[in-house]
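The primary structure of each chain is shown beneath.
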Amino acid sequence: EQMLRRSSGTGDEREFLVTGARRTAEALARADQYESAQRARAEAEHLRRRGDEELHERRKVEAALRDSETRYRSLAARTNHLYALSASLSEALTLDGVAKAIVSRSRFVAGASAASVALLNDDRTALSTLHSEEYPEHVVDDWRSFAVSPGLCWEEALRTEEPVLVSSFGEWQARFPASASLGADCGFASLAALPLLVDDAPIGVLMFHFVAPVAFDPEYRAVLVAVAHHSAQAIDRGRLYESAQQARI
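The rules behind each value
Residues numbered from 1 in each chain as written. Predicted model: local features only at pLDDT ≥ 70, side-chain atom pairs only at ≥ 80, totals over all residues. Heavy atoms only, no water. Buried < 20%, exposed > 50% of the residue type's maximum accessible area, 1.4 Å probe, protein only. Helix = DSSP H or I, 4+ residues; strand = E, 2+ residues; numbered from the N terminus. Pairing = 2+ DSSP bridges. Expected span 1.5 Å × (residues − 1). Salt bridge = Lys/Arg side-chain N within 4 Å of Asp/Glu carboxyl O. Phe/Tyr/Trp six-rings, centres within 6.5 Å; stacked < 30°, edge-to-face > 60°. Lys NZ or Arg CZ within 6 Å of the ring centre and 35° of its normal. Polar contact = N/O pair within 3.5 Å; in protein donor to acceptor, adjacent residues only side chain to side chain. Contact = heavy atoms within 4.5 Å.

Draft legend 1. Quick peek at the pairing of strand β1 (residues 114-120). Most of β1 is tucked away, with seven of its seven residues classed as buried. Relative to strand β2 (residues 126-133), β1 runs antiparallel, the two sharing six bridges. In the sheet register, L120 faces β2, and the bridge partner there is L127. Counted between consecutive antiparallel strands, the loop separating β1 from β2 contains five residues, among which R124 sits at a positive phi close to 60 degrees.

Listed below in structure tokens is the structure:
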């Protein structure tokens, strides 16, 4: 009752209550506006982050597509060169002709700066180069016949009957320090040594050298293995052809 009487009291009291109610309403309205603004800012920040994430994902997809297209084009070019290699090898008869076809064509398949093919001698302690391209003259002279010594990349390829792929000069120095001077002298940064296998036995080695570091991904490795396989078969045919020719004399 006392509160009711006061609420119906003097004009000053009524004005005080009205003013208080108005201020309370204004404060509530401002609080509601503040909360609405906070929610709007939070939603805008969420949308911004979502937009950034979507943009980042789209850029990743676009980059992956570009990389995939580049790799496809590179693989297609290598495949075309591989077909050209097969055609050249099928036309070559003599061992010398086969060796020249191997080096000149396979260098383009591999994208190598220099290439050589060498065969094991009868006692399998040394290799004799059949043909090489784009090496300095002193390297050509040194590789006319060279030993199959432990610690060298071609020795590991022949011993393991697996490709030896060296992606960088640092890796070359670490794995095969005895031959790293070749890379330093010639400006080579990476290499591939591929065993040439006939009836699951090594008969020689195909070497590629590169002036830039190379990432030997599985697709590239498969291409190199195919090159070595075709080359080994062609060399075997060349040797058989020359043996047959000699038998006729």
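Draft legend 2. Quick peek at helix α3 (residues 95-110). A rise of 1.5 Å per residue sets the reference length of α3, with its 16 residues, at 22 Å; its end C-alpha atoms lie 22 Å apart and thus fit the reference within 8%. Here α3 has its buried residues at L95, V98, A99, A101, I102, V103, S106, R107, V109 and A110. Of the residues one or two after α3, G111 is the one with positive phi, at around 70 degrees.

Draft legend 3. Local environment of the environment of A226. Counting through the fold element by element, A226 comes out in helix α8 (residues 218-248). Each C-alpha atom, one on A226 and one on L82, is 8.3 Å from the other, the two residues being 144 residues apart in sequence.

Draft legend 4. Examining the pattern of salt bridges more closely. Considering all chains together, one arrives at eight salt bridges under this definition. Between K100 and D96 there is a salt bridge, with the nearest N and O atoms lying 3.3 Å from each other. In this pair, K100 and D96 are both assigned in helix α3, four residues apart and thus about one turn of the helix distant. Owing to a relative accessible area of 40%, K100 belongs among the partly exposed residues under this scheme. In this structure, R175 and E156 form a salt bridge, with 3.3 Å as the shortest nitrogen-oxygen distance.

Draft legend 5. How the structure looks around unusual backbone geometry. Positive phi values are uncommon outside glycine, yet E161 reaches one of about 60 degrees. Looking at the element boundaries, E161 is found in the loop between α5 (153-160) and β4 (164-166). Unlike most non-glycine residues, D199 shows phi in positive territory, near 55 degrees. Note that D199 resides in the loop between β5 (190-198) and β6 (201-210).

Draft legend 6. Representation of the packing of aromatic side chains within the structure. In this structure the tally under the stated criterion is eight aromatic pairs. With a centroid separation of 6.0 Å and 70 degrees between ring planes, the pair formed by F169 and W172 is classed as edge-to-face. Taken together, the residues span about one helical turn, with F169 and W172 both in helix α6 (residues 169-175) at a distance of three residues. Residue classification places F169 among the partly exposed residues on the basis of a relative accessible area of 24%. Here a set of aromatic residues connected by ring pairs shows up, and it is made of Y135, W143, F146, W154 and F188. Positioned above the aromatic ring of F108 is the side chain of R107, whose terminal nitrogen or guanidinium carbon lies 5.4 Å from the ring centre.

Draft legend 7. The side chain of H131, seen in detail. On the secondary structure map, H131 appears in strand β2. In this structure the side chain of H131 is engaged in a polar contact, spanning 3.4 Å, whose partner is the side chain of E133. Setting aside anything within four residues of it in sequence, one finds H131 in contact with A99, K100, V103, A115, S116 and V117.

Draft legend 8. Spatial organisation of the pairing of β6. Burial analysis of β6 places nine of its ten residues in the buried class, the great majority of the element. As paired strands, β1 and β6 are joined by six bridges and run antiparallel to one another. Bridge pairing links A118 to V205 in β6. Sheet topology places β5 next to β6; nine bridges connect them, and they run antiparallel. When the bridges of β6 are listed, L191 appears paired with H209. Two successive antiparallel strands, β5 and β6, enclose a turn made up of two residues, where D199 displays a positive phi of approximately 55 degrees.

Functional significance is not addressed by these values, which are geometric in nature.
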